[in-house]
Amino acid sequence: MTESWDLVVVGGGIHGVGVAQAAAAAGHRVLVLEKTALASGTSSRSSKLIHGGLRYLESYELSLVYECLHERELLLQVAPDLVELKRFHIPIYQYTRRRPWIVRVGLGLYAVLGGVGPDVRFGTVPRHDWSQLDGLVTDELEEVYFYFDAQTDDALLTRAVMKSAQSLGAELAVPARFLGCQLVEDGCVVRYEREGRQVECQARVLINAGGPWANEILQLVSPSQECLAVE
Ligand SMILES: Cc1cc2nc3c(=O)[nH]c(=O)nc-3n(C[C@H](O)[C@H](O)[C@H](O)COP(=O)(O)OP(=O)(O)OC[C@H]3O[C@@H](n4cnc5c(N)ncnc54)[C@H](O)[C@@H]3O)c2cc1C
């Protein structure tokens, strides 16, 4: 008999496993298809930062920064063994385009958007402590700011989220390559390859979490679907 799922998620990167976790927590039947290994794509090749998006302040994306800072806070609370706060330094030289006052305003805004608490501390490093900052070139150095962001092991985090999704009832098929899907009236018929065999299942919803392969995956959907650009 053909298996039937509420959601089939294509891609076992951080987005795919996150969707699987949320959907399983909401009581949906979820299958994740991953062609190589969990986090084998960009989710093990990132800069490993759980950041609030300080640089997005320059493009006035305040609500995005607010959301990222609060998600960071949440991850620090729920996964303290995987996400830890790190101190960052921003050196400002005489020739640096962003002047000290701009950086101070940016860090101040970052702190306000992050709410109160130790995670949003920022300030300047006193001149007599500059020599303790390993590798810092001090010629023409005007000011050094410090602030905090978080760091993780992205592959471990991805695997932990999948484990949590599985504990909520989600299933993982790996290696399992998505081959295509046919949209039907009440969902879709999904085809994938597992252990050299072609398997067919039904899903109410197909989630394309293919990261850099997202367009490739989209082209395997029949009838063909339009790609909506995300700004
Ligand atoms: C250089 C760099 C630095 C970054 N630094 C950061 C950072 O510091 N902090 C941060 O938050 N983000 C960072 N990012 C962004 C972050 O890495 C990505 O947003 C995130 O990893 C995307 O996850 P994903 O699940 O969408 O894609 P991926 O992790 O790429 O997952 C897609 C998965 O789909 C699978 N797949 C593809 N085709 C099929 C198929 N036909 N069948 C089954 N499975 C398939 C792949 O094997 C892969 O595992 C960085 C990105 C880059 C490139």
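Here, every reference points to the structure presented above.
Presented here is a report on the structure given in the accompanying data block. Please read these numbers as outputs of a predicted model, since none were measured by experiment.

**Details of the sheet that holds strand β8 (residues 176–184)**
Pairing is mixed across the open sheet formed by seven strands, whose spatial order is β7-β2-β1-β10-β9-β8-β11. The sheet is open, and its two borders are formed by β7 (171–173) and β11 (221–222), each paired with just one other strand. Two strands pair when backbone bridges link them, and strand β2 (residues 30–33) and β7 are joined in this way by three bridges, in the parallel orientation. The partner of L33 across the bridge, within β7, is A173.

**Description of the nonpolar core**
Counting 17 residues, the largest nonpolar core has V8, L31, L33, F178, V190, Y192 and C201 as its most contacted members. Counting residues per element, the ones that place at least two in this core are β1 (3–10), β2, β8, β9 (187–194) and β10 (197–208). Setting aside residues up to four positions removed in sequence, L33 forms contacts with V8, V9, V10, G11, G12, A173, A176, F178, V190 and Y192. Ranked by size, the runner-up nonpolar core spans 14 residues in total, among them V17, V32, V161 and M162.

**Quick notes on the pairing of β10**
Along any regular strand the residues' side chains alternate between the sheet's two faces. Relative to β10, β1 runs parallel, the two being bridged by seven bridges. Looking at the pairing, E3 lines up with C201 of β10. Counting the residues in the hairpin turn of β9 and β10 gives two residues, including E195, whose phi is positive at 50°.

**Regarding the site of the ligand**
Neighbouring residues of the ligand: 28 residues in total, closest H15, E34, T42, S43 and L49. Here an oxygen atom of the ligand sits 2.8 Å away from a polar atom, N or O, in the side chain of T42. With respect to the ligand, the backbone of F178 contributes an N or O atom lying 2.9 Å from a nitrogen atom. Those elements giving two or more residues to the shell around the ligand turn out to be α1 (14–25) and β8. For the shell around the ligand, a count of residues per class yields 10 nonpolar, 13 polar and five charged.

**Looking at the pattern of salt bridges**
Scanning the model with the defined rule gives six salt bridges in all. The partner of E58 in a salt bridge is R98, with the nearest N and O atoms 2.6 Å apart. You can see E58 sitting in the loop between β3 (49–50) and α2 (62–78) and its partner R98 sitting in the loop between β4 (83–93) and α3 (100–114), a full 40 residues away along the chain. Assessed through its relative accessible area of 45%, E58 is described here as partly exposed. E142 is the partner of R99 in a salt bridge, and the nearest nitrogen-oxygen pair spans 2.6 Å. Here R99 is found in the loop between β4 and α3, whereas its partner E142 is found in strand β6 (residues 141–152), with 43 residues between them in sequence. Its relative accessible area of 24% is what places R99 among the partly exposed residues.

Reading guide: rules and limits
Residues numbered from 1 in each chain as written. Predicted model: local features only at pLDDT ≥ 70, side-chain atom pairs only at ≥ 80, totals over all residues. Heavy atoms only, no water. Pairing = 2+ DSSP bridges. Helix = DSSP H or I, 4+ residues; strand = E, 2+ residues; numbered from the N terminus. Core = buried A, V, L, I, M, F, W, Y, C linked by side-chain atoms within 4.5 Å. Buried < 20%, exposed > 50% of the residue type's maximum accessible area, 1.4 Å probe, protein only. Contact = heavy atoms within 4.5 Å. Near = heavy atom within 4 Å. Polar contact = N/O pair within 3.5 Å; in protein donor to acceptor, adjacent residues only side chain to side chain. Nonpolar A, V, L, I, M, F, W, Y, C, P; charged D, E, K, R; others polar. Salt bridge = Lys/Arg side-chain N within 4 Å of Asp/Glu carboxyl O.

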